[in-house]
Amino acid sequence: MSKTEREPMFSAKNIKLLSTPLNDENPITVQVLGICSALAVTVKLEPAVVLAVAVVAVMGSANVIISVLRKTIPNRIRIIVQLVVIASLVILVDQVLKAFFYDVSRQLSVFVGLIITNCIIMGRLEAFALGNRIWPSFLDGVGNAAGYGWILIVVAFFRELLGSGTVWDYPVMEKLGLFNIGYENNGFMILPPMALITVGVIIWVQRSRNRKLIESK
Amino acid sequence: MEGLVNIFVRSVFIDNMVFAYFLGMCSYLAVSKTVSTANGLGIAVIFVLGITVPVNYLIENYFLSAGAMAWLGPGFEAVDLSFLSFIMFIAVIASMVQLVEMTVEKFAPALYSSLGIFLPLIAVNCAILGGSLFMQEREYANIAEAASFGLGSGVGFYLAIVGIAAIREKIRYSNVPGPLRGLGITFIVTGLMGIAFMSFMGIKL
């Protein structure tokens, strides 16, 4: 391949692959993919960050592997091939978590396994990695996983701050002295339904700033 | 028998798949625009969960967990294949969905035409894999308990998706603020439904 044909590593097109999933094409708030795990692990910041990193790792590598194999996978059995690739990567992540972060792995319980059926991974493999070269596929995977991750982290931040009065287990509200003037933790934020309402509010804020995302009636 | 009813009611109301664990959210949001499609998907989920959870229970207890293969002979007592459970479960689910699809197509064509497009979708519905993983984590005592947990979770999902579909059909006539329209309001309504379901938490079974 001659040098002139090669695209630079970070051309405008590639940067775009990385940045649109953060806002305009966000997997959670716009494409509505991968919601299941997003909500259940957001009671505290730490498991949310760990899950976000795990998803970035799985999605980046799954996209690369499928992109490498894209010309050899027979079309009819592609879903099974994708599931096997994802499941093997998730087993790797799960074993690493169990070995080095046992407490977090206990808190995440079944949700590490549920990365396998996280529709955002399958969705990107189908929609992007099967038809594109390795480097763009990698960027697309990382970009989408990051778009997923930041929503996760924002939700977890607010739920932990308002629900337990801490940030990453550091007692912010206590240090600010708010308890002395009558502030109470809102125990409601820890309960599952508040995760949904928090995401609803995030969607509200995002769409009122980015009006082209508003759904028509 | 009492124990089985107990597990069933628990998994329908208290440990509801959608409201307590957010499983199956993707299809819950995508297929809940009208009651009739929601009905089809709900029935398909009950079907598949009721079958895959007991099957995965057998696989877990006779092949995968530590010492489960002792029935093959003394040499197999130390074998622990539990790290393979994700890949086994998803393979079982994918093939069971295929099998169920073929059986239904052959013996109940009317049901097949109404469930048709939903069955393949279910292989990647997290509620199904979640059901098997929760079954593994909670260590049910026998296959009947696992089956009643599977069916109960399916019924819980059915209730949730039909409920939200009915609400979304009505909400179309109200004047929702622009940025909240569609997805946003659905999230908030689901949250409110979850709060309603939390009132079952106080029930002692």
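Positions within a chain are numbered from 1, following the residues in the order the chain's sequence is written. All chains are assigned letters beginning at A, and all ligands numbers beginning at 1, according to the order in which they are written. In keeping with the predicted nature of the model, local features appear solely for residues at pLDDT of at least 70, side-chain atom pairs appear and are counted solely at 80 or more, and the whole-chain, interface and lining totals rest on all residues. Working from all heavy atoms in the structure, the side-chain values ignore hydrogens and water.

Attention now moves to the side chain of Asn 26 of chain A. Positionally, Asn 26 of chain A belongs in the loop between helix H1 (12-19) and helix H2 (35-40). Residue contacts are defined here by distance: any two heavy atoms, one from each residue, within 4.5 Å place the two residues in contact. Residues within four places of Asn 26 of chain A in sequence aside, it is in contact with Thr 20, Pro 21, Gln 31, Gly 147, Trp 150, Ile 151 and Gln 206 of chain A. Labels follow the DSSP assignment, with helices taken as runs of H or I lasting at least four residues and strands as runs of E lasting at least two, numbered in each case from the N terminus.

Counting 109 residues, the largest nonpolar core has Leu 39 of chain A together with Met 25, Tyr 28 and Phe 187 of chain B as the members making the most contacts within it. Here the element with the most residues in this core is helix H3 (residues 45-69) of chain A; it accounts for 11 residues. For Met 25 of chain B, the residues in contact, after removing those within four places along its chain, are Ile 35, Cys 36, Leu 39 and Leu 196 of chain A together with Val 18 and Thr 190 of chain B. Only buried residues count toward a nonpolar core. Its members are Ala, Val, Leu, Ile, Met, Phe, Trp, Tyr and Cys residues joined through side-chain atoms within 4.5 Å. Exposed residues in this analysis have more than 50% of their type's maximum accessible area, buried residues have under 20%, and partly exposed residues fall in between, with area computed by a 1.4 Å probe over protein chains only.

Opposite the 38 residues of chain B that make contact, chain A presents 42 residues. Buried surface at the junction of chain B and chain A, both sides included, amounts to about 3,600 Å², of which 82% is carbon and sulfur. Broken down residue by residue, the surface that chain B buries against chain A is led by Phe 22, Phe 86 and Pro 179 of chain B, which jointly contribute 20%. Salt bridges are defined by distance alone: a side-chain nitrogen of Lys or Arg within 4 Å of a carboxyl oxygen of Asp or Glu. On inspection of chain B and its partner chain A, the count reaches zero salt bridges. Counting of polar contacts relies on pairs of N or O atoms within 3.5 Å, with two restrictions inside protein: one atom must be capable of donating a hydrogen and the other of accepting it, and residues adjacent in sequence are counted only when both atoms are side-chain atoms. Here chain B and chain A share zero residue pairs in polar contact (both at pLDDT 80 or more) between them. Elements with a minimum of two residues in the side of chain B that touches chain A: helix H2 (17-21), helix H3 (25-30), helix H5 (85-107), helix H8 (126-138) and helix H10 (183-198) of chain B. The leading source of residues in the side of chain B that touches chain A is H10 of chain B, at 10 residues. Residue type decides the class: Asp, Glu, Lys and Arg count as charged, Ala, Val, Leu, Ile, Met, Phe, Trp, Tyr, Cys and Pro as nonpolar, and the leftover types, Gly among them, as polar. Residue classes in the side of chain B that touches chain A are distributed as 26 nonpolar, 10 polar and two charged. Buried area is understood as the total, over both parts, of accessible area removed when two parts are fitted together, assessed with a 1.4 Å probe.

With 94% of its residues at a pLDDT of at least 70, chain A reaches an overall mean of 81. Note: pLDDT gives the predictor's confidence per residue, expressed from 0 to 100. Mean pLDDT across the elements of chain A bottoms out in H2 of chain A (72) and peaks in H3 of chain A (89).

Residue and element names in this part refer to chain A. Interaxial angle, 0 to 180 degrees, is taken between N-to-C directions of lines fitted to C-alpha atoms, where a helix line uses only the stretch in contact. Orientation of H3 relative to helix H4 (residues 78-100), taken along the N-to-C sense of each, is 145°, at an axis distance of 10 Å. Two packed elements cross with a definite hand, and for H3 against H4 that hand is right-handed. Residues Val 50, Ala 54, Val 58, Ser 61, Ala 62, Ile 65 and Ile 66 of H3 pack against Gln 82, Val 85, Ile 86, Leu 89, Val 90, Val 93 and Leu 97 of H4. Each residue belonging to the contact of H3 with H4 can be placed in one class, and the counts come to 12 nonpolar, two polar and no charged. Crossing handedness is read from the near helix: turned anticlockwise from the far helix by less than a right angle, it gives a left-handed crossing, and turned clockwise, a right-handed one.

Oppositely charged side chains may form a pair once their charged atoms are brought near each other. Evaluated as defined, the whole model comprises four salt bridges over all chains. Among the salt bridges present, the one from Lys 98 of chain A reaches Asp 94 of chain A, with a minimum N-O distance of 3.3 Å. Of this pair, Lys 98 of chain A and Asp 94 of chain A both sit in helix H4, separated by four residues, roughly a single helical turn. Accessibility expressed as a relative area gives 42% for Lys 98 of chain A, which makes it partly exposed. Note that Asp 15 of chain B is salt-bridged to Arg 138 of chain B, the shortest N-O span being 4.0 Å. Taken together, the residues span a long stretch of sequence, with Asp 15 of chain B in the loop between helix H1 (2-14) and H2 and Arg 138 of chain B in helix H8 at a distance of 123 residues.

On to the environment of Leu 83 of chain A, then. For Leu 83 of chain A, the position within the fold is in helix H4. Overall, Leu 83 of chain A belongs to the buried group, its relative accessible area being 6%. Excluding residues within four positions of it along the chain, Leu 83 of chain A makes contact with Ile 116 and Met 122 of chain A together with Ile 90 of chain B.

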